[in-house]
Amino acid sequence: MIQTIDLVKKFDDFAALDRTTMHVPKGCVYGLVGPNGAGKSTLIRHITGIFKPTSGEVFVDGEPVWDNENAKAKTAYIPDDIFYLGNASTKDMMKYYKGIYPQFSMERYEKLQAAFSGIDMKHPIRRLSKGMQKQSAFLLAMCISPKLLVLDEPVDGLDPVMRRQIWSLIMADVTEHDTTVLVSSHNLRELEDVCDYVGIMDHGKIILERSLAELQGNICKVQIAFEAEMPQLPNSLNILHHTEMGRIHTLIVQASPNMAMKLLSPLQPILLEPLPLSLEEIFIYELGGTGYECKDILF
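Summarised in this report is the structure supplied together with it. All of these numbers come straight from a predicted model, not from anything done at the bench. (Residues numbered from 1 in each chain as written. Predicted model: local features only at pLDDT ≥ 70, side-chain atom pairs only at ≥ 80, totals over all residues. Heavy atoms only, no water.)

**Focus on the nonpolar core**
Put simply, the test is: Residues grouped as a nonpolar core are buried Ala, Val, Leu, Ile, Met, Phe, Trp, Tyr and Cys residues, joined through side-chain atoms within 4.5 Å. Relative accessibility thresholds used throughout: buried, under 20% of the residue-type maximum; exposed, over 50%; partly exposed, between the two (1.4 Å probe, protein chains only). By the criteria applied, helices consist of DSSP H or I runs no shorter than four residues and strands consist of E runs no shorter than two, each listed in order from the N terminus. Whether two residues touch is decided by their heavy atoms; if any such pair falls within 4.5 Å, the residues are in contact.
Within the largest apolar cluster, 54 residues are counted, with the highest numbers of intra-cluster contacts made by Tyr97, Phe104, Phe116, Leu139, Leu151, Ile170 and Val198. Here this core gets seven residues from one element, more than from any other, and that element is helix α5 (residues 130-143). Excluding residues within four positions of it along the chain, Ile170 makes contact with Phe138, Met142, Leu149, Leu151 and Val181. Counting 21 residues, the second-largest nonpolar core is a separate cluster that includes Ile2, Leu17, Ile44 and Leu182.

Given below as structure tokens:
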């Protein structure tokens, strides 16, 4: 659904995007993560057609995005800082969206008002709380029935009940309408619950891009303990990180849990337990190898 090829964006001599290549399959939820300043928002603004690339290409549903009305009509974008026209209310913006998006559904607008019943449809959006502004943005965006929904810190400012309700609506669209969702967020625990694919971005590049299942299946966390000192570990075991607390050793191993168990069991430990890595732990570890201080992961 989304493809960027050697995408470069320069601001004077600074390269915010440095030959960024990205592939987002159709009908999936793709989590874009990375530290502040990695280039995530700049990449999103190219995918939504706001920025013109210095070089490289951006495609949505097989079409180039820049200056392409048809490609942009397929996309709904909810940024972290929401902007609306002057004193426009949600009802005013509904009329505006209806005028520029041919596929805008009034039937869906009427139905979704029940899910966002706290919004005063006639009150200026800019005078609403941040949470209510986000709800208004989701209501309008979902009535477009977009093929691509792009979200930047989407549920920031929302209470837990509304967060769950909005994610339920989004996931229903993914399932029923094959909607593709690109979401950038620092809430990695939340992304772990909804994402099919993850792209880790740093210094203007996508440094890792895989399915979440593949990420969690190829690296595991193992807790192991012995009666005496830990013996020499097998050379074939690729240990990425090692911490020790008393007699319990915690290893991050580049292997599936089954393979780690097979290699470590012959050492006859008194404790051997494989644990999956969380997305947050994978993120911390991957950035530890790209110039960041590799701090001990919290276990």
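**What about unusual backbone geometry?**
For Ser145, which is not glycine, the phi dihedral falls at a positive 50°. The class of Ser145 is partly exposed, set by a relative accessible area of 41%. Although it is not a glycine, Gln268 sits at a positive phi angle of roughly 55°. When you line up the elements, Gln268 lands in the loop between α9 (257-264) and β14 (271-276).

**Structural notes on the packing of aromatic side chains**
To describe a pair of aromatic rings, you give the distance between the ring centres and the angle between the ring planes. Our working definition: Planes of paired rings set the category: under 30 degrees apart is stacked, over 60 is edge-to-face and the rest tilted, where pairs are Phe, Tyr or Trp rings (Trp by its six-membered ring) whose centres lie within 6.5 Å.
Following the criterion strictly, the structure yields four aromatic pairs and no others. Aromatic side chains Phe11 and Phe51 sit 6.0 Å apart centroid to centroid with 70° between the ring planes, which places their arrangement in the edge-to-face category. One end of the pair, Phe11, is in strand β1 (residues 2-11); the other, Phe51, is in the loop between α1 (40-47) and β4 (55-60), and 40 residues separate them in sequence. When its relative accessible area of 37% is taken as the criterion, Phe11 is described as partly exposed. Here the aromatic rings of Phe104 and Tyr109 are separated by 6.4 Å at their centres, their planes lie at 45°, and the arrangement is tilted. The burial state of Phe104 is the same as that of Tyr109; both residues are buried.

**Describing the sheet that holds strand β13 (residues 248-253)**
So the rule is basically this: For two strands to be treated as a pair, DSSP must find at least two bridges joining them. For helices, the axis comes from a line fit to the C-alpha atoms of the stretch in contact; other axes are also lines fit to C-alpha atoms, and the angle between any two N-to-C directions lies between 0 and 180 degrees.
The strand order across the open sheet formed by four strands is β12-β13-β11-β14, and the pairing between neighbours is antiparallel. Where the open sheet ends on each side, the last strands, each with one partner, are β12 (239-245) and β14. Ignoring which end each strand starts from, the neighbouring axes of this sheet average 20° apart. Contacts from α9 reach β11 (220-225) and β14 within the one sheet, and its direction differs from that of β11 by about 25°.

**Some remarks on the pairing of strand β2 (residues 14-24)**
Bridge count for β1 against β2 is seven bridges, and the pairing is antiparallel. Following the sheet pairing, Thr4 is matched in β2 by Met22. In textbook terms, the turn of a hairpin is the stretch between consecutive antiparallel strands, and for β1 and β2 this stretch comprises two residues, one of which, Asp12, has a positive phi near 60°.

**Things to note about the packing of α5 against helix α6 (residues 160-177)**
Where we set the bar: Here the word oblique covers every angle except those under 35 degrees (roughly parallel), over 145 (roughly antiparallel) and from 65 to 115 (roughly perpendicular). Helix crossings get a hand from a simple test, with the near helix turned counterclockwise from the far one by less than a right angle marking a left-handed crossing and a clockwise turn marking a right-handed one. Three residue categories are used. Nonpolar comprises Ala, Val, Leu, Ile, Met, Phe, Trp, Tyr, Cys and Pro, charged comprises Asp, Glu, Lys and Arg, and polar comprises the others, including Gly.
Packing of α5 against α6 brings their axes to within 12 Å, and their N-to-C directions diverge by 15°. Judged by the angle between their axes, α5 and α6 are roughly parallel. Of the two elements, α5 crosses α6, and the hand of that crossing is left-handed. Residues Gln135, Phe138 and Met142 of α5 form the contact with α6, whose participating residues are Met162, Ile166, Leu169, Ile170 and Asp173. Its residues placed into classes, the contact of α5 with α6 shows six nonpolar, one polar and one charged.

**Here's the deal with the sheet that holds β1**
What the four strands build is an open sheet, ordered β2-β1-β4-β5; its pairing is antiparallel. On the outer flanks of this sheet lie β2 and β5 (63-64), each paired with one strand and no other. Inspection of the sheet shows β1 paired to β4 by five bridges, in the antiparallel sense. Bridge pairing in β4 links Ile5 to Glu57. Strand contacts of α1: β1, β2 and β4, with the helix running at about 120° to β1, the strand carrying the most contacts.

**Description of the side chain of Asp173**
Inspection of the secondary structure assignment puts Asp173 in helix α6. Setting aside anything within four residues of it in sequence, one finds Asp173 in contact with Arg108, Met142, Asp178 and Thr179.

**A look at the pattern of salt bridges**
Let me state the cut-off plainly: Criterion for a salt bridge: a side-chain nitrogen of Lys or Arg within 4 Å of a carboxyl oxygen of Asp or Glu.
Applying the stated criterion across every chain, the model contains 11 salt bridges. As a salt-bridge pair, Lys147 and Asp61 come within 3.7 Å of each other at their nearest N and O atoms. Taken as a pair, Lys147 in the loop between α5 and β7 (148-152) and Asp61 in the loop between β4 and β5 lie far apart in primary sequence, 86 residues in all. Assessed through its relative accessible area of 42%, Lys147 is described here as partly exposed. Owing to a relative accessible area of 27%, Asp61 belongs among the partly exposed residues under this scheme. Here Glu107 makes a salt bridge to Lys111, at a shortest N to O gap of 3.4 Å. Of this pair, Glu107 and Lys111 both sit in helix α4 (residues 106-112), four residues apart, which is roughly one turn of the helix. Linked through salt bridges whose partners overlap, the residues forming this network are Asp61, Glu63, Lys74 and Lys147.

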